[in-house]
Amino acid sequence: MRKSTIWLLTAIMAITFIGLLYLQISYIEDITRMRKEQFNDAVKRSIYAVTTAMQQDETKRYLEEGLEDNQRRLLSFEFGKTGYKTNNNFTVKQYGFSGDSASLQYESGKLSLPGLTSNSNNGLGGDNNNITRTYKGMQELLRKQYLYQKGLLDDVILKILSTASQQSIQERIDPRQVESYLKAELQRNGLNLPFEYAIADSHGGIVYKMQEYAPEKENMVFTQVIFPNDPPDRFYYLKIYFPTQSQFIMKSVEFALPSFIFTLIMLLTFIFTIVTAFRQKKLTEMKTDFINNMTHEFKTPISTISLAAQMLKDKSVIKNPAMSEHIATVINDESSRLRFQVDKVLQMSLLDKHNVMFRLTIVNANTVIQGVINTFKLKVEQLGGQIDAHLCKEDAWVRVDEMHFTNVIFNLLDNAVKYAYEGRPLHLHIETRIKNDKVEIEIEDNGVGIKKEDLKKIFDKFYRVSTGNVHNVKGFGLGLAYVQKIIEDLNGNIHAESELNIGTKFIIVLPLIKTD
């Protein structure tokens, strides 16, 4: 699949997933906002109803006190000129009606006339004038009672307005009654969840609060004036807080969360698939480069050996001992070169295995490194360079596989030779030191250096820093991957520092083995 096609599919799927996630998030936000608004409205209705109930309770208390006083006055009231009275019944005997059937009754502050029946034995039967006077008397009495009751209500209202606000809030309300009202009103509005409340004065001071009242955020507290008719400087506020408000609101969107999570999982899976596809494509390209390089690296020594073999068939060459020796040397060198390339390929197979079989022994790192330096010294000097070695005086004992450890040092030095800066004498600096129970091995060169973007990838398998020509520097891109694999399997670590056109430094850290 072409890279452009992969990018096109990636763009389409990305837009699709982003649009789907945006719609789901918008839907969840809308539901949450609506649920929060409903919750706020229900709470406001509830606390408004509670404060209204408290105002009604106070008004009722004042009315009951006024009516009790009114009842005491009525019991001492003298009715008219002939005023007949009993406890709560006022009878009209002067008009010839029986006390049982025609009576003016007072019950709970109200006057009533149940009925009138004519008494044929009183001598007033059929006297319409007397009946008319009786009803007029009743009407006058009711009018006076109405005016009295109206005055009483005016007195009660004036008393509430003038004296109620002067009382302490503890005298005006019962906290247990408030809690009961709150529970009832919240349940009536569908808010069956725990709450905490407090009563505060106009200055914000807490007058009363539940023991658990401790709001996390002030903006989560609902407030309502308890007695709005009081002077503003004597206002008291009912404050209510719901500890589980967020969980209560989020319950309304629980059904949408699984679909959002599944969509997010699909998006992550898609991203992983795309990243894997690009990695596989890159790996394929790197393997293609590897095959091209391998073909080139194998073709040169094979061609040289083939040419040397053909020359040996020439009888004149056989008769010339010097020429025969030269051809034998060429065949031997090219065979060694071919074998070295084969070893490189075998290293790749080691990288593909999770566990490399080691023959661990305790060796002196300085001794191994000095041996590799001796091998490379002649090669570096032939190129006009030099190796500067500063090995620590202490014995740097490490537990390693000597063959693989030697290959690690060899690969790093070989890279320094391959990437020497043209026109500049190669200078290699090798140093070992012991620091914090660790052995540090530092190999630094003054070669071409590595770009910052390439520095992060140099330990990747098959990765080779581009130099404009894939064949100008021989190799398969396996050396540093092999080095990192071996060092990490030996419980160590390696990192590189480099500056373009200045040089590169590799630092290996291995555990120090203490010996008696």
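Numbers given for residues are sequential positions, taken from 1 along each chain in its written order. Only residues with pLDDT of 70 or above have their local features reported here, since the model is predicted, and side-chain atom pairs are shown and tallied only from 80 upward, although totals for entire chains, interfaces and linings are computed over all residues. The basis for the side-chain values is all heavy atoms of the structure; hydrogens and waters are excluded.

Going by this rule: UniProt positions are given in the numbering used here, feature names are shortened, and annotations may be inferred rather than shown by experiment.
If you check an unreviewed UniProt entry, the chain appears there as histidine kinase from Candidatus Caccoplasma merdipullorum. The record in UniProt for the chain states the following under Catalytic activity (unreviewed entry): "ATP + protein L-histidine = ADP + protein N-phospho-L-histidine."

1. Here's the deal with the overall build of the chain
Heads up, the rule is: Numbering goes from the N terminus for both helices and strands, where a helix is a DSSP run of H or I of at least four residues and a strand is a run of E of at least two. Only protein chains enter the accessibility calculation, which uses a 1.4 Å probe. A residue is then buried if its area is under 20% of the maximum for its type, exposed if over 50%, and partly exposed in between. Any pair of residues with heavy atoms lying within 4.5 Å of one another is described as a contacting pair. Accessibility throughout is a Shrake-Rupley quantity obtained with a 1.4 Å probe, and a residue counts as covered only by protein chains that appear here.
Within the chain, the regular secondary structure consists of twelve helices and 14 strands. Burial status across the chain gives 35% buried among its 516 residues. For the chain, contacts bridging at least 24 residues in sequence account for 69% of all contacts bridging at least 6. As displayed, the chain offers around 31600 Å² of accessible surface, 55% of which is attributable to carbon and sulfur atoms.

2. Regarding helix H10 (residues 402-418)
Put simply, the test is: Expected helix span is given by 1.5 Å per residue-to-residue step, counting one fewer step than there are residues. The definition of a polar contact used here is a pair of N or O atoms within 3.5 Å, where within protein one atom must be able to donate a hydrogen and the other to accept one, and adjacent residues in sequence count solely through side-chain atom pairs.
Helix length check: H10 (17 residues) gives 24 Å between terminal C-alpha atoms against 24 Å at 1.5 Å per residue, within 8%. Those residues of H10 lying buried are His-404, Phe-405, Val-408, Ile-409, Asn-411, Leu-412, Leu-413, Asp-414, Asn-415, Ala-416 and Val-417. With a side-chain oxygen lying 3.1 Å from the backbone nitrogen of Met-403, the N-terminal cap of H10 falls on Asp-401.

3. With respect to the UniProt feature "transmembrane region" (unreviewed entry) in the chain
Under the UniProt annotation, "transmembrane region" (unreviewed entry) lies at residues 6-28 and 255-278. Secondary structure across residues 6-28 divides into 100% helix and 0% strand, with the first and last C-alpha atoms of the span separated by 32 Å. With 92% helix and 0% strand, the stretch residues 255-278 has end C-alpha atoms that lie 36 Å from each other.

4. Some words on the sheet that holds strand E5 (residues 206-209)
Put simply, the rule reads: DSSP-based pairing: two strands are paired if at least 2 bridges between them are found. Axis definition: a line fit to C-alpha positions, over the contact stretch in the case of helices; interaxial angles, taken between N-to-C directions, run 0 to 180 degrees.
Reading across from one edge, E5-E4-E7-E6 is the order of the four strands in this open sheet, with antiparallel pairing throughout. Every other strand in the sheet has two partners, leaving E5 and strand E6 (221-225) as the edge strands with one partner each. Averaged over neighbouring strand pairs, the angle between their axes works out to 25 degrees when direction is ignored.

5. Observations concerning the packing of helix H9 (residues 365-382) against H10
Heads up, the rule is: Helix crossings get a hand from a simple test, with the near helix turned counterclockwise from the far one by less than a right angle marking a left-handed crossing and a clockwise turn marking a right-handed one. Here the nonpolar group is Ala, Val, Leu, Ile, Met, Phe, Trp, Tyr, Cys and Pro; Asp, Glu, Lys and Arg are the charged ones; every other residue, Gly included, is treated as polar.
At a minimum axis distance of 10 Å, the contact between H9 and H10 shows a crossing angle of 35 degrees. The crossing of H9 and H10 is right-handed. Between H9, through Ala-365, Val-368, Ile-369, Val-372, Phe-376, Lys-379 and Val-380, and H10, the contact on the second element is made entirely by Glu-402, Phe-405, Thr-406, Ile-409, Phe-410, Leu-413, Asp-414 and Val-417. A class-by-class count of the residues in the contact of H9 with H10 yields eleven nonpolar, one polar and three charged.

6. Here's the deal with the pairing of strand E12 (residues 438-445)
With six of eight residues buried, E12 is to be regarded as a mostly interior element. Where strand E11 (residues 427-435) meets E12, eight bridges bridge the pair, whose relative direction is antiparallel. Its bridge partner lying in E12, His-429 is registered against Glu-444. Counted between consecutive antiparallel strands, the loop separating E11 from E12 contains two residues, among which Asn-436 sits at a positive phi close to 55 degrees. Both E12 and strand E14 (residues 503-511) contribute to a ladder of seven bridges, which runs antiparallel.

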